[in-house]
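So the chains spell out like this:
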Amino acid sequence: MSNWYSESSPLERRTFWASFGGWALDALDVQMFGLAIPALIAAFGISKADAGLLGSITLFFGAFGGWIGGALGDRFGRVKALQITVATFALATFACAFAMTFTQLLILKAIQGLGFGAEWACGAVLMAEIIRPEHRGKALGSVQSAWAVGWGAAVLLSALVFTYAPADIAWRLLFALGLLPALLIIFIRRGLKEPPRAVAAGKTPFFATLSGIFHRDVLRSTLIGGLFGIGAHGGYAALTTFLPTFLREVRQLSVLGSSGYLAVIIVAFFCGCVASGIISDRIGRRANVAFFASACIVTVLIYIFAPLTNGEMLVLGFPLGFFSAGIPASMAALFSELYPAGVRGTGVGFCYNFGRIVSAAFPFLVGYLSDHIGLGPAIGIDAAFAYSLVLIAVVLLPETRGKVFEQAAATRA
């Protein structure tokens, strides 16, 4: 793991930390919502289905944000687009703290989704174009592990805030802390430079950039990559959106108790991202994804349906978090290698985020089904179905490990 970093140039290292920090702070903002669901249900007098709708609207608009953000990166440059997207989701999350009605919160979560989806697309492609191909999987897997850092920070903040502040105020304090990612913009401006090809692509009309991923030369990659995104995001959203609620209401754990279970999953998620990046560079993108997707299905079903004690659930939380990390950790490298430079950001943003258009329904479906079959079965069935779609997609995609980008030599100078 340390070898690729020690071999990296100063520009590669600065780009890594900018992308890592952006994704960690992105996760902080998004994961705070799942931890605040019980308080939001009480504050606004809404159902679990309504709470699921808040999560779904974020994912739905995140899909468009990713596509548009990737195209902005192709059109105007990765770093400029990254600055705009970080500011968008940070300010939207901060504004959620002042929502007075369910409708206001719904609108603000939609704006947050736009910035959330766009930030990943810009940061992932920037990193993919800067890092050398033999280390691309490891580097981007490590960037994805930043999600666990932000997720862990959200759990810690949630435990502290809900312990020492009334529930009707605590959730507002959590969202107010979402302004922190805006500080990353200062670092982005000072530490990075645009990849040469990203600047050159600025002459292409914006609409042509958006639609370029549907050209016959890359259409197959776009369609199959979209299916991949549906499965990856659907499984993750079905599992994590209501997992804190499942631990508290079904397993009868306290806020601090459930935080311990989430901590195991989060640490495992970090490890899984790093491991997936290493395995991906060694055995290839397709074999790596197939392994993690299969393991996800088995582990989720055992975690949700097996008659486990709380202690056994704590132990099983590690493989649950580990295997669920492997799929998203592989997506940035794989999708980046499917497209040429002129539409790379657009393609990555679309494939990664298109899944959110369909997967946006998964949190709502979990909330809806939970009223009929129980929260645990609703999570398990939805997640297993989604991860099965990943297996179908990976069979249809080409192997791209080690692909050399056009501007690779210039950007590492």
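Up top is the structure these notes are about.
Quick caveat, the model's predicted, so the values are computed rather than measured.

Trainee: Would you take a moment to explain empty space enclosed by the protein for this structure?
Mentor: The full count for this structure, using the stated rule, is two cavities of 30 Å³ or more. In this structure, the largest cavity occupies an estimated 370 Å³ of space. If you trace the largest cavity, you find 24 residues lining it, with Val30, Gln31, Leu59, Trp147 and Tyr236 closest to the centre. Breaking the lining of the largest cavity down by element, the ones donating at least two residues are α2 (10-44), α3 (48-76), α5 (102-130), α12 (219-240), α16 (310-336) and α17 (344-359). Among the residues making up the lining of the largest cavity, the classes are represented as 13 nonpolar, nine polar and two charged. Taken as a whole, the second largest cavity encloses approximately 60 Å³ of empty space. Every residue lining the second largest cavity is listed: Ser19, Glu119, Trp120, Gly123, Ala124, Leu140, Val143, Gln144 and Ala332. Mapped by element, the contributors of at least two residues to the lining of the second largest cavity are α5 and α6 (136-144). Counting residues per element, the lining of the second largest cavity draws most heavily on α5, at four residues.

Trainee: Looking at this structure, how should I read the packing of aromatic side chains?
Mentor: Aromatic ring pairs: the centre-centre distance and the angle between the two ring planes describe each pair. The final tally for this structure, using the stated rule, is 26 aromatic pairs. Seen from their ring centres, Trp4 and Tyr5 are 5.7 Å apart, and the 85° between their planes marks the pair as edge-to-face. Overall, Trp4 belongs to the buried group, its relative accessible area being 3%. Note on Tyr5: relative accessible area 26%, which makes it partly exposed. Judged by centre distance (5.3 Å) and plane angle (75°), the ring pair of Trp67 and Phe350 falls under edge-to-face.

Trainee: Explanation requested: the packing of α2 against α5 in the structure shown.
Mentor: When two helices pack together, their arrangement is given by the angle between the helix axes and the distance between those axes. Packing of α2 against α5 brings their axes to within 10 Å, and their N-to-C directions diverge by 160°. When the axis of α2 is compared with that of α5, the two are roughly antiparallel. Pair α2 / α5 crosses with left-handed handedness.

Trainee: What am I meant to see in the nonpolar core here?
Mentor: Where a protein is soluble and globular, its nonpolar side chains tend to be buried together. The biggest cluster of nonpolar side chains holds 112 residues, and the ones touching the most others in it are Leu40, Trp147, Phe228, Ile327 and Phe335. The leading source of residues in this core is α2, at 16 residues. Grouped together as the second largest cluster of nonpolar side chains are 14 residues, Leu82, Phe89, Leu126 and Ile185 included.

Trainee: So what exactly am I meant to see when it comes to the side chain of Thr346 here?
Mentor: Within the secondary structure layout, Thr346 lies in helix α17. Accessibility expressed as a relative area gives 0% for Thr346, which makes it buried. Once you skip the residues sitting within four places of it in the chain, Thr346 turns out to touch Trp67, Gly70, Ala71, Asp74, Thr209, Leu210 and Ile213.

Trainee: When you look at the packing of α2 against helix α9 (residues 184-191) in this model, what are you seeing that I'm missing?
Mentor: Between α2 and α9, the least distance of the axes is 10 Å, while the angle of their chain directions is 160°. As far as their axial angle goes, α9 and α2 are roughly antiparallel. Judged by the twist between their axes, the crossing of α2 over α9 is left-handed. Contact with α2, carried on its side by Arg14, Trp17, Ala18, Gly21, Gly22 and Leu25, involves Leu184, Phe187, Ile188 and Gly191 of α9 and no other residues of that element. In the contact of α2 with α9, the residues fall into six nonpolar, three polar and one charged.

Trainee: Any chance you could explain a nonpolar patch on the surface here in plain terms?
Mentor: Together, Leu53, Phe364, Leu365 and Tyr368 make up an exposed nonpolar region whose accessible area comes to about 320 Å². When residues in the nonpolar patch are grouped by element, the largest group, three residues, is from helix α18 (residues 361-373). By secondary structure assignment, the location of Tyr368 is in helix α18.

Trainee: So what exactly am I meant to see when it comes to helix α15 (residues 285-305) here?
Mentor: The end-to-end C-alpha separation of α15 is 30 Å, in line with the 30 Å expected for 21 residues at 1.5 Å each. When we look at burial in α15, the residues that qualify are Arg285, Asn288, Val289, Phe292, Ala293, Ala295, Cys296, Ile297, Thr299, Val300, Tyr303 and Ile304.

Calculation criteria
- Residues numbered from 1 in each chain as written.
- Predicted model: local features only at pLDDT ≥ 70, side-chain atom pairs only at ≥ 80, totals over all residues.
- Heavy atoms only, no water.
- 1 Å grid on protein atoms, 1.4 Å probe; cavity = no way out; pocket = protein on both sides within 12 Å on 5 of 7 lines; lining within 4 Å.
- Points joined across faces, edges and corners; volume = space filled by probe spheres on them.
- Helix = DSSP H or I, 4+ residues; strand = E, 2+ residues; numbered from the N terminus.
- Nonpolar A, V, L, I, M, F, W, Y, C, P; charged D, E, K, R; others polar.
- Phe/Tyr/Trp six-rings, centres within 6.5 Å; stacked < 30°, edge-to-face > 60°.
- Buried < 20%, exposed > 50% of the residue type's maximum accessible area, 1.4 Å probe, protein only.
- Axes fitted to C-alpha atoms, helices over the stretch in contact; angles between N-to-C directions.
- Parallel < 35°, antiparallel > 145°, perpendicular 65-115°, else oblique.
- Left-handed = near helix turned anticlockwise from the far one by under 90°.
- Core = buried A, V, L, I, M, F, W, Y, C linked by side-chain atoms within 4.5 Å.
- Contact = heavy atoms within 4.5 Å.
- Patch = residues over 30% accessible without salt bridge, like charges linked within 9 Å, V, L, I, M, F, W, Y side chains within 5 Å.
- Areas by Shrake-Rupley, 256 points an atom, 1.4 Å probe, with all protein chains shown as cover.
- Salt bridge = Lys/Arg side-chain N within 4 Å of Asp/Glu carboxyl O.
- Expected span 1.5 Å × (residues − 1).

Note that every value here comes from positions in space, so none of it alone points to a role or purpose.
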